[in-house]
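# Geometric and topological summary
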Amino acid sequence: MSEIFGAEAYTPKEVAARIETVGVTKANLPLIPLAALGVLAGGFIGLGALFYTLVVSDSSLSFAVQRVLGGTVFSLGLILVVVAGAELFTGNNLMVMAWVDRQISTKLIVRNLGLVYITNFFGAAGLALLVALSGQATMNGGAVGATAIAIATGKCSLGFGEAFFRGVLCNVLVCLAVWLAMAGKSVTDRIVAVIFPITAFVAAGFEHCVANMYFVPLGLILAEGNGPAELSWSAFAIHNLLPVTLGNLVGGAGMVGMVYWVIYCRGKSG
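Residues numbered from 1 in each chain as written. Predicted model: local features only at pLDDT ≥ 70, side-chain atom pairs only at ≥ 80, totals over all residues. Heavy atoms only, no water.

- The name recorded for the protein chain in an unreviewed UniProt entry is Putative formate transporter 1, from Symmachiella dynata.

## Concerning the overall build of the protein chain
- Scanning the protein chain from N- to C-terminus turns up 11 helices and 0 strands.
- Reading the secondary structure of the protein chain in the N-to-C direction produces α-α-α-α-α-α-α-α-α-α-α.
- For the protein chain, whose C-alpha radius of gyration is 18 Å, the value lies close to the compact-globule estimate of 18 Å for 270 residues.
- Based on the C-alpha atoms only, the size of the protein chain along its principal axes is roughly 60 × 40 × 35 Å.
- Residue burial in the protein chain is summarised as follows: out of 270 residues, 49% are buried.
- Excluding contacts between residues fewer than 6 apart, the proportion of contacts in the protein chain whose partners are at least 24 apart in sequence is 86%. (Helix = DSSP H or I, 4+ residues; strand = E, 2+ residues; numbered from the N terminus. Rg over C-alpha atoms; globule rule 2.2 N^0.38 Å. Buried < 20%, exposed > 50% of the residue type's maximum accessible area, 1.4 Å probe, protein only. Contact = heavy atoms within 4.5 Å.)

## Here's the deal with the side chain of asparagine 120
- Mapped onto the fold, asparagine 120 is located in helix α6 (residues 106–134).
- Given a relative accessible area of 0%, asparagine 120 falls into the buried group.
- The contact partners of asparagine 120, leaving out residues within four places of it in the chain, are Gly38, Ala41, Gly42, Glu87, Leu88, Phe89, Val210 and Met213.

## As for the confidence of the model for the protein chain
- Residues with a pLDDT of 70 or more make up 96% of the protein chain, whose mean pLDDT is 94.
- Throughout residues 1–6 the model reports pLDDT below 50, and contacts reaching past four residues in sequence, or to other chains, amount to 8 contacts. (pLDDT = per-residue confidence, 0-100.)

## Describing a nonpolar patch on the surface
- On the surface, Phe160, Leu242, Leu246 and Leu249 cluster together into a nonpolar patch covering about 330 Å² of accessible area.
- No other element matches helix α11 (residues 233–264), which puts 3 residues into the nonpolar patch.
- Examined against the element boundaries, leucine 242 turns out to sit in helix α11.
- Judged by relative accessible area, leucine 242 falls into the partly exposed class, the value being 44%. (Patch = residues over 30% accessible without salt bridge, like charges linked within 9 Å, V, L, I, M, F, W, Y side chains within 5 Å. Areas by Shrake-Rupley, 256 points an atom, 1.4 Å probe, with all protein chains shown as cover. Salt bridge = Lys/Arg side-chain N within 4 Å of Asp/Glu carboxyl O.)

## Quick notes on the packing of aromatic side chains
- Across all of its chains, the model carries 10 aromatic pairs by this definition.
- Judged by centre distance (6.3 Å) and plane angle (75°), the ring pair of phenylalanine 121 and phenylalanine 122 falls under edge-to-face.
- Residue phenylalanine 121 is classed as partly exposed on the basis of its relative accessible area of 27%.
- For phenylalanine 122, a relative accessible area of 55% translates into the label exposed.
- An aromatic cluster is defined as three or more aromatic residues linked by ring pairs; in this entry it consists of Tyr52, Tyr214 and Phe215.
- The ring of tyrosine 10 is capped by arginine 18, whose NZ or CZ atom sits 4.3 Å from the centre of that ring.
- Here the guanidinium or amino end of lysine 185 rests over the ring plane of tyrosine 10, the centre of that ring lying 4.8 Å away. (Phe/Tyr/Trp six-rings, centres within 6.5 Å; stacked < 30°, edge-to-face > 60°. Lys NZ or Arg CZ within 6 Å of the ring centre and 35° of its normal.)

## Structural notes on helix α1 (residues 12–27)
- Along its 16 residues, α1 runs 22 Å from first to last C-alpha, staying within 8% of the 22 Å computed at 1.5 Å per residue.
- Within α1, burial applies to Val15, Ala16, Ile19, Glu20, Gly23, Lys26 and Ala27. Down the axis of α1, the smallest arc covering the buried residues is 140°, so these residues share one side.
- Against the buried residues of α1 lie α5 (96–100), α6, α8 (160–183) and α11. (Expected span 1.5 Å × (residues − 1). Arc of directions from axis to C-beta.)

Given below as structure tokens:
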């Protein structure tokens, strides 16, 4: 155990303290750097989603291989966020630990999550526009574009409850990936820590609000108004983005952040 929780990695209690410290730093970031880092995170997650779409457009792969390989390459997005540095709404749900510990105010956490959410959308949807303009959808005989439209349609067709609970399960895994990455002491540690939880959530078909800010706008742009009836901006907002965002908040802030706060931080300051 000493090799695992000694020099090779931070202990879970140390990770909790590090996450609270990082939460305070995030909460006090100036407006322009915070917004720019939010745009970057949206773009980074979009790059992972682009990679995923390319893989799953290959119909020669079996279901399991397609899902697991797609999830593995999607991990690129969070790897970029964690290693290169960016502000991601779903990962920032862990700021709740610093908030509950009264290290940051309600105003600051709402400011961070609100601005990061909006700028994540600009980054992800902006990348979707660039990808559409690049003609990347014509790859594999047009299968990449058809797959992108099918993915977007499927997301807009989810029931509210289904989308919500997929969002909960997704951000449990995303925030656990962030937690594990915070335990690492090298770039390699952080990359390896991210891959398995992210692969699991993608392979299982769970829903990530920022990834969907790329997937669905791309499908809408490629369909050019001629897609299935289920695929529309209003359906995206009501049937997917709203319930998935709420689910992500419950899963990340509630089922990871608050649980670990109770275990490692509650009562530490008397």
